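Below are the chains, spelled out letter by letter.
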Amino acid sequence: MNNGKLLALTAKYFLPLLLFFSLVVFFRGHDQPGGGFIGGLIGAVACTLFLFGYGSDKAKSLLPFDPRSLIGLGLLLSLGSALWGSYHNQGFFKSFWYEVALPGLEPFSVGTPQFFDLGVYLVVLGSLMIILLSMWEE
Amino acid sequence: MKEGILFPLILPLLMATLSLLPRRWRFDRELMALLGNLAHLVFSLLLFFQIRAHGVQTLQIGAWPAPFGITLVADLLSASMLIITGLVGFLITLYSLGSLDSLRQSFGYFPLLHVVVFGCSGVFVAGDLFNLFVWFEVILIASFVLLTLGGEREQIIAGVKYVTLNGVASTFFLTGIGLLYLQMGTLNLADLFGKLAQVPAGGVLSLTLLFLLITFLIKAGSFPFFFWLPASYPTPPIAVSALFAALLTKVGVYVLLRFFSLVLLPSGVVFSGLLSWAAGLTMVLGVLGAWSQMDIRRILSFHIISQIGYMLMGISFLSPLALSGAIYFMFHNITAKTNLFLLGGVIALLGGSYRLEQLGGLFRSFGLLGTLFLFAALSLAGIPPLAGFLVSSP
């Protein structure tokens, strides 16, 4: 496989940019267009560019876990956020929002739907990476 | 306990999730699959007794009120289906421990098995049509990967056929759902039951319901849509075939049962003549197909189709006795057919082939195996002391 230098260089500098963009899209979800699914897709695009530039070994070491484990973690996170409502006796999947005030930041709210969405992000990223890595290696 | 209905859903999902975690964080996958499916069976039984004592159980997801939110409903039929799903899941896990190569296991066999069980359990408690669609997709994706796991050429071809036809079914389903929502403003099955009785039957409504009927007929493997079934069932490892044979088509039959009693009957648009014809042709063609085959797996696959015909015939008569006959036959068929598939796997293991002409003389060396197979097969044929007899003699 011809790993062009230009492609490698582009991938190197675009990776943080695309990952940041995917996080922005992820966080503006819920009330505005965006969210876990599309954020995960953009995250996978970032990883794919890196894969094209540097090959599958380096792309694998980019991910903190095996892609399959990413799916597992994502599902666990989503299931946990759904069970949070059951745990508080308000019903399965009932959403909860908490105000968080950190020093130096404006107060913002964190809710179980965001954790559910984060789970979706991880599942999408994991599934796409499984597909792309196995196609790359063939 | 209000959340009782959730356990048969959460358990398989949790098992799938836990067996996907990184190796150093998770328990033994096989042990977990066994215990998880056993727990599924136990909780389904508990749910069954809960329903018997306190009536139909419902749960509103996210505490949204009924016709707007997602509702999970379980009555005795749902609970019985859940029990048999748990039982089949447990037995197939047990069987796969000994029969499946480690390559397939490492590629995520167990997580996928859990997801199929998860999807089927979801269908049995779904309270509205769109939720039902989502569960169908869950089953479809997981079973497609399970079917092609291993990547043999034959499997890929089967997988493409399977996913294409089921994709067509999904399109029909989604179109039907959209049209129905447009006319009725609700998709909740209990709500539809009440509202459909008040609207006059018209051409558009009939067309909508026909779309849904076609979907469920494809899912059930009925004439004229059954060809995905014999093309795909014989190709994966026998444990997977047995799982598919036990659950996938029966999910379609179960939904047809619900669809007929909750949607078609109150709407006044009853395709019972159409269904009888489809059922009759399914019965005959399935058997003719089975007759012409020499491979155990193919014979059994074609035979499933024929038996689906019997169940559909029971549904199409629309009398309580015929319905209970169809339900009883469904349970009988799930157990007997799964049994035969698994025994077929043992036969192939001992005899070295699935083809009948190469298996001659196996009975002489393994008499007990033959006797077991005979019991299940005779039960399917409806010989008196066995369960199938009750079905054949209304």
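Note that the structure is predicted; figures quoted are calculated from it, not measured. (Residues numbered from 1 in each chain as written. Chains lettered and ligands numbered in written order. Predicted model: local features only at pLDDT ≥ 70, side-chain atom pairs only at ≥ 80, totals over all residues. Heavy atoms only, no water.)

### Brief notes about the interface of chain B and chain A
Stated formally: By definition, residues are in contact when any of their heavy atoms lie within 4.5 Å. Accessible area, probed at 1.4 Å, shrinks when two parts are joined; the buried area is that loss added up over both. We define a salt bridge as a contact between a side-chain nitrogen of Lys or Arg and a carboxyl oxygen of Asp or Glu at a distance within 4 Å. The definition of a polar contact used here is a pair of N or O atoms within 3.5 Å, where within protein one atom must be able to donate a hydrogen and the other to accept one, and adjacent residues in sequence count solely through side-chain atom pairs. Starting at the N terminus, helices and strands are each numbered in turn, a helix being any DSSP run of H or I of at least four residues and a strand any DSSP run of E of at least two. Residue polarity is assigned by list, with Asp, Glu, Lys and Arg as charged and Ala, Val, Leu, Ile, Met, Phe, Trp, Tyr, Cys and Pro as nonpolar; anything else, Gly included, falls into the polar class.
Counting residues at the interface gives 18 residues for chain B and 16 residues for chain A. At the boundary of chain B with chain A, total buried surface from both sides reaches about 1,400 Å², with 77% on carbon and sulfur atoms. When the buried area of chain B at its contact with chain A is split by residue, B:Ile10, B:Thr17 and B:Leu20 rank highest and sum to 31% of it. For the interface between chain B and chain A, the tally reads zero salt bridges. Taken together, chain B and chain A are joined by one residue pair in polar contact (both at pLDDT 80 or more). A total of five residues in the side of chain B that touches chain A trace back to one element, the largest contributor, which is helix H1 (residues 7-18) of chain B. Residues belonging to the side of chain B that touches chain A are distributed by class as follows: 13 nonpolar, three polar and two charged.

### Digging into the pattern of salt bridges
Convention followed: Accessibility here uses a 1.4 Å probe with only protein chains present; expressed as a share of the type maximum, an area under 20% marks a residue as buried, one over 50% as exposed, and anything in between as partly exposed.
Tallied over the full model, the rule gives four salt bridges over all chains. With its nearest N and O atoms 3.6 Å apart, the salt bridge here joins A:Asp66 to A:Arg68. In this structure A:Asp66 comes out as partly exposed when scored by relative accessible area, which is 40%. Put simply, B:Asp295 and B:Arg297 hold a salt bridge, and the shortest N to O gap is 3.6 Å. Classification of B:Asp295 by relative accessible area gives buried; the value is 7%. B:Arg297 sits in the buried class, given a relative accessible area of 15%.

### Points about the packing of aromatic side chains
Rule in force here: Stacked, edge-to-face and tilted are the three classes for Phe, Tyr and Trp ring pairs, Trp counted by its six-membered ring, which pair at centre distances within 6.5 Å; planes under 30 degrees apart are stacked, over 60 edge-to-face, the rest tilted.
Scanning all chains against the criterion turns up 22 aromatic pairs over all chains. Taking 4.9 Å as the distance between ring centres and 65° as the angle between the ring planes, the aromatic pair formed by A:Phe26 and A:Phe27 counts as edge-to-face. Measuring from ring centre to ring centre gives 5.0 Å for B:Phe118 and B:Trp135, while their planes differ by 85°; the resulting arrangement is edge-to-face. A residue pair is termed long-range when its members are at least 10 positions apart, and B:Phe118 in helix H5 (residues 109-125) and B:Trp135 in helix H6 (residues 129-148) qualify at 17 residues. Pair check on accessibility: B:Phe118 and B:Trp135 agree, each one buried.

### What to know about H5(B)
In an α-helix, one full turn covers 3.6 residues, which means residues spaced three or four apart are oriented alike. Short version of the rule: What a helix should span is 1.5 Å times the count of its residues minus one.
Under the 1.5 Å per step criterion, the end-to-end length of H5(B) is 25 Å for 17 residues, consistent within 8% with the ideal 24 Å. Most of H5(B) sits out of view: 16 of its 17 residues are buried.

### Structural notes on the nonpolar core
Convention followed: To define a nonpolar core, start from buried Ala, Val, Leu, Ile, Met, Phe, Trp, Tyr and Cys residues and group those joined through side-chain atoms within 4.5 Å.
With 123 residues, the main nonpolar core has B:Val123, B:Leu129 and B:Leu209 as its most contacted residues. With 20 residues, the single largest contributor to this core is helix H11 (residues 238-267) of chain B. Not counting chain neighbours up to four residues away, the residues in contact with B:Leu129 comprise B:Phe173, B:Ile177, B:Leu180, B:Leu187, B:Leu189, B:Leu192, B:Leu212 and B:Phe216. Counting residues in each nonpolar core, the second largest holds 11 residues, with A:Ala44, A:Cys47, A:Leu73 and B:Leu21 among its members.

### Section: the environment of B:Tyr181
Residues and elements named next belong to chain B. Within the fold, Tyr 181 resides in helix H7 (residues 153-184). Look at Tyr 181 and you get partly exposed, because its relative accessible area is 47%. With 51 residues separating them along the chain, Tyr 181 and Phe 130 place their C-alpha atoms 9.8 Å apart. If we ignore the near neighbours within four places in the chain, the residues touching Tyr 181 are Thr 186 and Leu 187.

### Considering the confidence of the model for chain B
Low pLDDT means the predicted coordinates in that region are not meant to be read closely. Here is the rule: Per-residue confidence from the prediction method is given by pLDDT, with values spanning 0 to 100.
The pLDDT averaged across chain B works out to 83; a share of 91% of its residues lies at or above 70. Taken together, the chains of this predicted complex give a pTM of 0.88 and an interface ipTM of 0.81.

### Observations concerning a nonpolar patch on the surface
Residue and element names in this part refer to chain B. The condition is simple: Patches were defined on residues exceeding 30% relative accessible area and lacking a salt bridge, with like-charge contacts within 9 Å and nonpolar side-chain contacts (Val, Leu, Ile, Met, Phe, Trp, Tyr) within 5 Å. The protein chains shown are the only cover counted for residues, whose accessible areas, like all others here, come from Shrake-Rupley with a 1.4 Å probe.
Taken together, Trp 277, Leu 281, Val 284, Leu 285, Leu 288 and Trp 291 make up a surface patch of nonpolar side chains, about 680 Å² in accessible area. Within the secondary structure layout, Leu 285 lies in helix H12 (residues 272-291). Look at Leu 285 and you get partly exposed, because its relative accessible area is 32%.

### Re the packing of helix H3 (residues 76-99) of chain B against helix H14 (residues 320-351) of chain B
Relative orientation and spacing of two packed helices are given, respectively, by the angle between their axes and the distance between those axes. Residue and element names in this part refer to chain B. We apply this condition: Between the N-to-C directions of two axes lies an angle of 0 to 180 degrees, each axis being a line fitted to C-alpha atoms and, for a helix, fitted only over the stretch in contact. Under this scheme an angle from 65 to 115 degrees is roughly perpendicular, one under 35 degrees roughly parallel, and one over 145 degrees roughly antiparallel; angles in between are oblique.
Interaxial distance between H3 and H14 falls to 11 Å at its minimum, and their mutual angle equals 5°. The orientation of H3 with respect to H14, classified from their angle, is roughly parallel. Facing H3, whose interface residues are Leu 77, Ser 80, Met 81, Ile 84, Val 88, Ile 92 and Tyr 95, H14 presents Ile 327, Met 330, Phe 331, Ile 334, Thr 335, Thr 338, Leu 342, Gly 345 and Val 346.

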